[in-house]
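Architecture and fold: a report
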Amino acid sequence: MAKSATKHHHEQDGECAHVTQQAERAAKAMTHAEAVCRANGARLTPIRRRVLEALYATHKPLGAYDLAEILGPKGRRLAPITVYRALDFLMEQSLAHRLASQNAYIATPTVHDAKEAVAFLICETCGGVDEMTSPGLSGALQAVLDQQGFQPNGKVIEITGHCAHCH
């Protein structure tokens, strides 16, 4: 993509392309989240729903204290333990991920197979996070793990840099 086209795409309507993508998939993702919870016999309680909606309301990762501030009644902050419990539930259901490098959370629009490696591309300019999977990446990572005899609990890779819209 030409630099001017990239810049135009990034500044479309004054918003980062990550914002537009997140807004476009939020409603469908919430419907998907409800279906995942039903299928797993889990309950998407009002607070869990509000936390997930807050994560979908932004393209940037949010910390638990940020969420507590956003979701609290006017002038008061929601108890952080309440937010952490909701986040734990959302991660158990594969509806959210914790980005260790930022100690923050993002909503994930798709549920991945436990064997799949998930890479998060974190833009240092706009703060947006893109999630991607690839059979090639998963295969290469699995080959390394097998060679080392290592049994991972998860396969999450965080890559920082500049997204296509910002460089």
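A brief look at the structure comes next. (Residues numbered from 1 in each chain as written. Predicted model: local features only at pLDDT ≥ 70, side-chain atom pairs only at ≥ 80, totals over all residues. Heavy atoms only, no water.)

The next subject is the sheet that holds strand E3 (residues 118-123). Spatially, E4-E3-E5 is the arrangement adopted by the 3 strands of the open sheet, whose pairing is mixed. Pairing within the sheet leaves two strands with one partner each, and these edge strands are strand E4 (129-133) and strand E5 (156-161). Neighbouring strand axes in the sheet, compared pairwise and without regard to direction, differ in orientation by 20° on average. Pairing of E3 with E4 involves 5 bridges; the strand directions are antiparallel. When the sheet's bridge partners are listed, Leu121 is paired in E4 with Asp130. (Pairing = 2+ DSSP bridges. Helix = DSSP H or I, 4+ residues; strand = E, 2+ residues; numbered from the N terminus. Axes fitted to C-alpha atoms, helices over the stretch in contact; angles between N-to-C directions.)

Tallied over the full model, the rule gives 1 aromatic pair. Judged by centre distance (6.4 Å) and plane angle (80°), the ring pair of Tyr65 and Tyr84 falls under edge-to-face. Within this pair, whereas Tyr65 is found in helix H4 (residues 64-71), its partner Tyr84 is found in helix H5 (residues 80-92), the two being separated by 19 residues in sequence. Judged by its relative accessible area of 44%, Tyr65 falls in the partly exposed class. We note Arg48 situated over the ring of Phe89; from NZ or CZ to the ring centre the distance is 3.7 Å. (Phe/Tyr/Trp six-rings, centres within 6.5 Å; stacked < 30°, edge-to-face > 60°. Buried < 20%, exposed > 50% of the residue type's maximum accessible area, 1.4 Å probe, protein only. Lys NZ or Arg CZ within 6 Å of the ring centre and 35° of its normal.)

Counted at 1.5 Å a residue, the expected span for H5 with its 13 residues is 18 Å, and the 18 Å between its end C-alpha atoms agrees. Every buried residue belonging to H5 is among Pro80, Val83, Ala86, Leu87, Phe89 and Leu90, and all of these are buried. (Expected span 1.5 Å × (residues − 1).)

Between helix H3 (residues 46-56) and H5, the shortest axis-to-axis distance is 9 Å and the interhelical angle comes to 80°. Classified by the angle between their axes, H3 and H5 sit roughly perpendicular to one another. Only Thr82, Ala86, Leu87, Phe89 and Leu90 of H5 make contact with H3, whose side of the interface consists of Ile47, Arg48, Val51, Leu52 and Leu55. Here the contact of H3 with H5 is composed, by residue class, of 8 nonpolar, 1 polar and 1 charged. (Parallel < 35°, antiparallel > 145°, perpendicular 65-115°, else oblique. Contact = heavy atoms within 4.5 Å. Nonpolar A, V, L, I, M, F, W, Y, C, P; charged D, E, K, R; others polar.)

Mapped onto the elements, Arg49 comes out in helix H3. The partly exposed category is assigned to Arg49, whose relative accessible area is 25%. Put simply, Arg49 and Ala86 are 37 residues apart on the chain and 8.5 Å apart in space, counted from C-alpha to C-alpha. Residues within four places of Arg49 in sequence aside, it is in contact with Met30, Glu34 and Leu44.

Nothing here speaks to function; it is all geometry.
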